[in-house]
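# Close look at the chain arrangement
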Amino acid sequence: MLHTLHHSPWQCDMTTLLRTMQAGDDLLLLSDGVIAGIEGGHYLDLLLAAPISVHALNEDVVARGLSGQISNNIARVSYTEFVSLTVKHAVQMSW
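Described below are features of the structure shown in this document. (Residues numbered from 1 in each chain as written. Predicted model: local features only at pLDDT ≥ 70, side-chain atom pairs only at ≥ 80, totals over all residues. Heavy atoms only, no water.)

Turning our eyes to something else, we now look at the side chain of S71. Inspection of the secondary structure assignment puts S71 in the loop between α3 (58–63) and β4 (75–77). When its relative accessible area of 2% is taken as the criterion, S71 is described as buried. At 3.2 Å, the side chain of S71 forms a polar contact with the side chain of E39. Not counting chain neighbours up to four residues away, the residues in contact with S71 comprise G37, E39, L44 and L48. (Helix = DSSP H or I, 4+ residues; strand = E, 2+ residues; numbered from the N terminus. Buried < 20%, exposed > 50% of the residue type's maximum accessible area, 1.4 Å probe, protein only. Polar contact = N/O pair within 3.5 Å; in protein donor to acceptor, adjacent residues only side chain to side chain. Contact = heavy atoms within 4.5 Å.)

With that settled, the discussion passes to the pairing of strand β3 (residues 53–57). Most of β3 is tucked away, with four of its five residues classed as buried. The sheet contact formed by strand β2 (residues 26–29) and β3 spans four bridges and is parallel. Note on β3: the bridge partner recorded for D26 is S53. Taking the sense of rotation as the criterion, the β-α-β connection linking β2, helix α2 (residues 42–49) and β3 turns out right-handed. Between β3 and its parallel partner β4, the chain crosses via α3, and the hand of that crossover is right-handed. (Pairing = 2+ DSSP bridges. Right-handed = clockwise from strand over helix to strand, strands pointing away.)

So, on to the pattern of salt bridges. By the definition in use, this model includes three salt bridges. D26 is paired through a salt bridge with K88; the nearest N and O atoms lie 3.0 Å apart. Of the two residues, D26 sits in strand β2 while K88 sits in helix α4 (residues 79–88), which places them 62 residues apart along the sequence. On the basis of relative accessible area, D26 is assigned to the buried category, the value being 2%. Residue D32 is joined to R64 by a salt bridge in which the shortest nitrogen-to-oxygen separation is 2.9 Å. Of the two residues, D32 sits in the loop between β2 and α2 while R64 sits in the loop between α3 and β4, which places them 32 residues apart along the sequence. (Salt bridge = Lys/Arg side-chain N within 4 Å of Asp/Glu carboxyl O.)

What follows is the structure in structure tokens.
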């Protein structure tokens, strides 16, 4: 399943999001959701401990001035790669 996080992790039920994700799922951080990928952040540690792949839309990272703060453990993707993730996963959940 592809999970997309559009909201700041401070304005989302991250506990439920983490509980819902399963091994092999992908999480794409979009809009204010990219805040969850900030190096040294509480939510980053939780996401990296989950058995999932975490991605961030590079355009949203740049738009928020966070290029130097996003963890290197998060794959930055383009819109084209975003489309590839949607093709990979028939089922999606938006947070």
